[in-house]
Amino acid sequence: MTHMSMSYLSLIVVTMVIGMGASWYVNRQINKYLHVPASTRVTGAQMAEMMLAANGVHGVQVYRGGPQQDHFDPRSNSITLDPDAFGGTSITAIATACHEAGHAIQFAQGYAPMKIRGALVPAVNFASNAWVFLLMFGIFMQLSGLTTLAIIMYAVVVLFQLVTLPVEFDASRRGLAYLKTQGISQAEQGGAYSVLRACALTYVAAALTSILQLLWLLQSRDE
């Protein structure tokens, strides 16, 4: 086995460990507080609407989605929450809802990292699908220019993931700050923080594995 193939095998193992570890921790924290009722006694959907109104943001629709469908869509200016978050009153439900409401507020207020992230979306959509084919073609045809272009395209994907981090952290910060105004206890604040921190960890793990992949590509090109 060549040094390159061994190093790539090591990379695969490391990224798998990071991904599995992050997934385990996230699921553990979400499930831990999924059945712990919050003292607010309002659903996630209601909490999201309350947070939006408190920040002067109107016209954002909150929809019930499928399992694990929690996101804000700037194209339709809408929030989608999974069934547990939409109709649930647990700490996980309200923390998740406030996080997504945080994204809607970012969009309404023109939060700079979100605008940068949005501007990168078209390039990332193309690069994320094309870079690996370009890389394989460049290696097969021994065209170093194509290989370098593929790496540059992948670097755009990595940049997108890095820009995503402050967007996610800020949305969680906004959500937790609003929950504190609702008079929840210190224990509930701690639970909400644990849920939001766990969710943010998935983005950190994704960015870290992508950075490792990019470093491996750069090293392999130099060799």
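For every chain, the first residue of the written sequence is number 1, and numbering continues from 1 onward in sequence order. At least 70 in pLDDT is required for a residue's local features to be given in this predicted model, at least 80 for side-chain atom pairs to be given and counted, and no such filter applies to totals for whole chains, interfaces and linings, which use all residues. Think of the side-chain values as coming from all heavy atoms in the structure, minus any hydrogens and water.

A. Seen up close, the nonpolar core. We call a set of buried residues a nonpolar core when its members are Ala, Val, Leu, Ile, Met, Phe, Trp, Tyr or Cys and they connect through side-chain atoms within 4.5 Å of each other. Between buried and exposed lies partly exposed: a residue is buried under 20% and exposed over 50% of the maximum accessible area for its type, with that area taken using a 1.4 Å probe on protein chains only. Counting residues in each nonpolar core, the largest one holds 33 residues, and the members touching the most others are M47, L52, I79 and L179. Looking at this core, the elements that each hand over two or more residues are α2 (44-54), β3 (78-81), α4 (91-109), α6 (144-181) and α7 (186-222). A run of H or I in DSSP counts as a helix once it spans at least four residues, and a run of E counts as a strand once it spans at least two, with each numbered from the N terminus. With eight residues, α4 is the largest single contributor of residues to this core. By the convention used here, residues are in contact when the closest approach between their heavy atoms is within 4.5 Å. Discounting chain neighbours no more than four positions away, the residues touching L179 are M47, I94, A95, C98, I184 and A192.

B. Representation of the packing of α4 against α6 within the structure. Only the stretch in contact is used when a helix axis is fitted, and all axes are lines through C-alpha atoms; the angle between N-to-C directions ranges over 0 to 180 degrees. Their axes nearest at 7 Å, the elements α4 and α6 cross at an angle of 115 degrees. By crossing handedness, the relation of α4 to α6 is classed as right-handed. In this structure, α4 contributes I94, A95, C98, H99, G102, H103, I105, Q106 and Q109 to the contact, and α6 contributes V167, E168, D170, A171, S172, R174, G175, Y178 and L179. Amino acid classes used here: Ala, Val, Leu, Ile, Met, Phe, Trp, Tyr, Cys and Pro are nonpolar; Asp, Glu, Lys and Arg are charged; the rest, including Gly, are polar. Partitioning the contact of α4 with α6 into residue classes produces eight nonpolar, seven polar and three charged. Here is the rule for handedness: rotate from the far helix to the near one, and if that takes an anticlockwise turn smaller than a right angle the crossing is left-handed, while a clockwise turn gives right-handed.

C. The sheet that holds strand β1 (residues 61-64), seen in detail. At least two bridges found by DSSP between two strands is the condition for calling them paired. Spatially, the three strands line up as an open sheet ordered β1-β3-β2, and their pairing is mixed. Two strands lie at the open edges of the sheet, namely β1 and β2 (71-73), each paired on one side alone. Between one strand axis and the next, the sheet turns by 25 degrees as a mean value, whatever way the strands run. Relative to β3, β1 runs parallel, the two being bridged by four bridges. Among the inter-strand pairings, R64 is bridged to a residue of β3, identified as L81.

D. Seen up close, the side chain of D82. Considering the arrangement of structural elements, one finds D82 in the loop between β3 and α3 (83-87). It turns out D82 is buried and unbridged, and the closest side chain with the opposite charge, R64, is 8.4 Å from it. Within the local environment of D82, its side chain forms a polar contact with the backbone nitrogen of Q68, the two atoms lying 3.5 Å apart. Beyond its immediate stretch of four places on either side in the chain, D82 contacts G65, G66, P67, Q68, Q69 and D70. Charge counting treats Lys and Arg as positive and Asp and Glu as negative, with His and both chain ends excluded. Here a salt bridge means any side-chain nitrogen of Lys or Arg lying within 4 Å of a carboxyl oxygen belonging to Asp or Glu. Polar contacts here mean pairs of N or O atoms no more than 3.5 Å apart (in protein, one a potential hydrogen donor and the other a potential acceptor; neighbouring residues in sequence count only if both atoms are side-chain atoms).

E. How the structure looks around the state of the cysteines. Cysteine sulfur atoms that come within 2.5 Å of each other are treated as a disulfide pair. Inspection of the entire model under this criterion finds zero disulfides. Free cysteine C98: the closest other cysteine sulfur is in C199, separated by 13 Å. With relative accessibility at 25%, the residue C199 sits in the partly exposed group.

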